[in-house]
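Structure at a glance
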Amino acid sequence: ETGVTQTPRHLVMGMTNKKSLKCEQHLGHNAMYWYKQSAKKPLELMFVYNFKEQTENNSVPSRFSPECPNSSHLFLHLHTLQPEDSALYLCASSQDHTRYEQYFGPGTRLTVT
Amino acid sequence: AQKITQTQPGMFVQEKEAVTLDCTYDTSDQSYGLFWYKQPSSGEMIFLIYQGSYDEQNATEGRYSLNFQKARKSANLVISASQLGDSAMYFCAMREGHGSGTYKYIFGTGTRLKVLA
């Protein structure tokens, strides 16, 4: 596979569930990102990892827990979410966190019931 | 205050015509970058074009060009010879310094472009 992949593409979960989103990049990049895209709101940067180290946490609630075991993989662990957390979650990567463009995955459409 | 402003929530353009999507930004940094991304209905964000704050010439990538007016803090995207496949959401974004060598990416709310046959 090439580019940035995300699984699952769609996820429906209850507020008491625990689930994880997975992102994998096949571009040899060193920086990875999680974004939240809600309807009619700007894309919100959640977390940034550069060379597996977290460099950015934009005041994201602790019910979202990122994990970056290596430069190719990024996870977002979810637990006790709220209905307002329903959104499209996009993963992106770039050569490093100072490089120009980011390459995005197709996203995971999350619905919290 | 909004850092990135896209005032056109929706735009229509006739196939083969040119269209300009507006973007204004706000930053106190001297060094920053401006980007445009395209998001088709499939959801994937696709990088289109980049303009650095110190670049003297407007960026161009195929049918895309960025009309960079630094004094006005605007970075409008021009798509020439529109195609049906250009129908999508278009996001303007800015990378600015965040201190300690880190950077922050800020996105606008987007403009939905519809190309008419």
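This one's a predicted model, so the numbers in the text were calculated from it and none came from an experiment.

**Section: the interface of chain A and chain B**
The interface is formed by 21 residues belonging to chain A together with 20 residues belonging to chain B. For the pair chain A and chain B, the interface holds 0 salt bridges. Put simply, chain A and chain B have 2 residue pairs in polar contact (both at pLDDT 80 or more) between them. Of all elements in the fold, only β4 (31–37), β6 (53–57) and β9 (87–94) of chain A reach the threshold of two or more residues within the side of chain A that touches chain B. Residue contributions to the side of chain A that touches chain B peak at 3 residues, all from β4(A). Broken down by class, the residue content of the side of chain A that touches chain B amounts to 10 nonpolar, 7 polar and 4 charged.

**Examining the sheet that holds strand β3 (residues 18–25) of chain A**
Residues and elements named next belong to chain A. With antiparallel pairing, 4 strands are arranged side by side in an open sheet as β1-β3-β8-β7. Because the sheet does not close on itself, it has two edges, and the strands there are β1 (4–7) and β7 (64–70). This sheet shows a mean twist of 20° between the axes of neighbouring strands, independent of strand direction. Where β1 and β3 come together, 4 bridges link them in antiparallel fashion. From the neighbouring strand, Q6 faces β3, where its bridge partner is C23.

**Focus: the pattern of salt bridges**
Residue and element names in this part refer to chain A. A complete count under the given rule lists 5 salt bridges over all chains for this structure. Between K41 and E44 there is a salt bridge; the shortest N-O distance is 3.5 Å. Notably, a salt bridge pairs D85 with R63, separated by 2.7 Å at the nearest N-O pair. Of this pair, D85 sits in the loop between β8 (73–79) and β9 while R63 sits in the loop between β6 and β7, placing them 22 residues apart in sequence. The buried category is assigned to D85, whose relative accessible area is 2%.

**A closer look at the nonpolar core**
One finds B:Y25, B:W36, B:I49, B:L77 and B:Y90 to be the most contacted residues of the largest nonpolar core, which totals 25 residues. If you list the elements that add at least two residues to this core, you get β3 (19–21), β5 (32–39), β6 (46–52), β8 (64–69), β9 (74–79), β10 (88–99) and β12 (111–116) of chain B. Sorting elements by how many residues they give to this core places β10(B) first, with 4 residues. Excluding its chain neighbours within four sequence positions, the residues that come into contact with B:L77 are B:V19, B:T20, B:L21, B:W36, B:L48, B:I49, B:Y64, B:S65 and B:Y90. Of all hydrophobic cores here, the second largest spans 22 residues; its members include A:Y49, A:V60, A:L81 and A:C91.

**Describing the state of the cysteines**
Under the defined criterion, the tally for this structure stands at 2 disulfides over all chains. Here A:C23 engages in a disulfide with A:C91; their sulfurs sit 1.9 Å apart. Between A:C23 and A:C91 the disulfide shows an S-S torsion of about -75°. By sign, it is left-handed. You can see A:C23 sitting in strand β3 and its partner A:C91 sitting in strand β9, a full 68 residues away along the chain. By relative accessible area, A:C23 is classed as buried at 0%. Exposure remark for A:C91: the relative accessible area of 0% places this residue in the buried category. Through a disulfide, B:C23 is tied to B:C92; the S-S separation comes to 2.0 Å.

**Some words on the packing of aromatic side chains**
Counting across every chain of the model gives 14 aromatic pairs over all chains. Where B:Y37 meets B:F47, the ring centres are 5.9 Å apart and the plane angle is 65°; that geometry is what we call edge-to-face. Of this pair, B:Y37 sits in strand β5 while B:F47 sits in strand β6; the two residues are 10 residues apart in sequence, bridging distant segments of the chain. Classification of B:Y37 by relative accessible area gives buried; the value is 0%. Each member of the aromatic cluster is reached from another via a ring pair, and the members are A:Y33, A:Y35, A:F104, B:F35, B:Y37, B:F47, B:Y50, B:Y105 and B:F107. A cation over a ring is seen here: B:R63 above B:Y64, with NZ or CZ 5.7 Å from the ring centre.

Criteria and cut-off values
Each chain has its residues counted from 1, following the order in which its sequence is written. As they are written, the chains are lettered A onward and the ligands numbered 1 onward, keeping that order. pLDDT decides what is reported in this predicted model: residues at 70 or higher carry local features, side-chain atom pairs at 80 or more are listed and counted, and totals for whole chains, interfaces and linings draw on all residues regardless. Based on all heavy atoms of the structure, the side-chain values leave hydrogens and waters out of the count. Contacts were defined at the residue level, with two residues in contact if any of their heavy atoms lie within 4.5 Å. The term salt bridge refers to a side-chain nitrogen of Lys or Arg lying within 4 Å of a carboxyl oxygen of Asp or Glu. N or O atoms closer than or at 3.5 Å make up a polar contact, with two conditions inside protein: a donor-capable atom paired with an acceptor-capable one, and, for residues adjacent in sequence, both atoms drawn from side chains. Secondary structure elements follow DSSP: runs of H or I of four or more residues count as helices, runs of E of two or more count as strands, with numbering from the N terminus. Each residue is assigned to one class: nonpolar for Ala, Val, Leu, Ile, Met, Phe, Trp, Tyr, Cys and Pro, charged for Asp, Glu, Lys and Arg, and polar for all the others, Gly among them. Any two strands are treated as partners once DSSP identifies two or more bridges connecting them. Axis definition: a line fitted to C-alpha atoms, over the contacting stretch in the case of helices. Angles run 0 to 180 degrees between N-to-C directions. Note on exposure labels: buried denotes an accessible area under 20% of the residue type's maximum, exposed denotes more than 50%, and partly exposed covers the range between, all computed with a 1.4 Å probe on protein chains only. As used here, the term nonpolar core means buried Ala, Val, Leu, Ile, Met, Phe, Trp, Tyr and Cys residues forming a set that is joined through side-chain atoms within 4.5 Å. By convention in this document, the label disulfide applies to cysteine sulfur atom pairs within 2.5 Å. Under the pairing criterion, centres of Phe, Tyr and Trp rings, with the six-membered ring standing for Trp, must be within 6.5 Å; the plane angle then separates stacked pairs below 30 degrees from edge-to-face pairs above 60, leaving the rest tilted. By definition here, charges over rings are those cases where NZ of Lys or CZ of Arg is within 6 Å of the ring centre and within 35 degrees of the ring normal.

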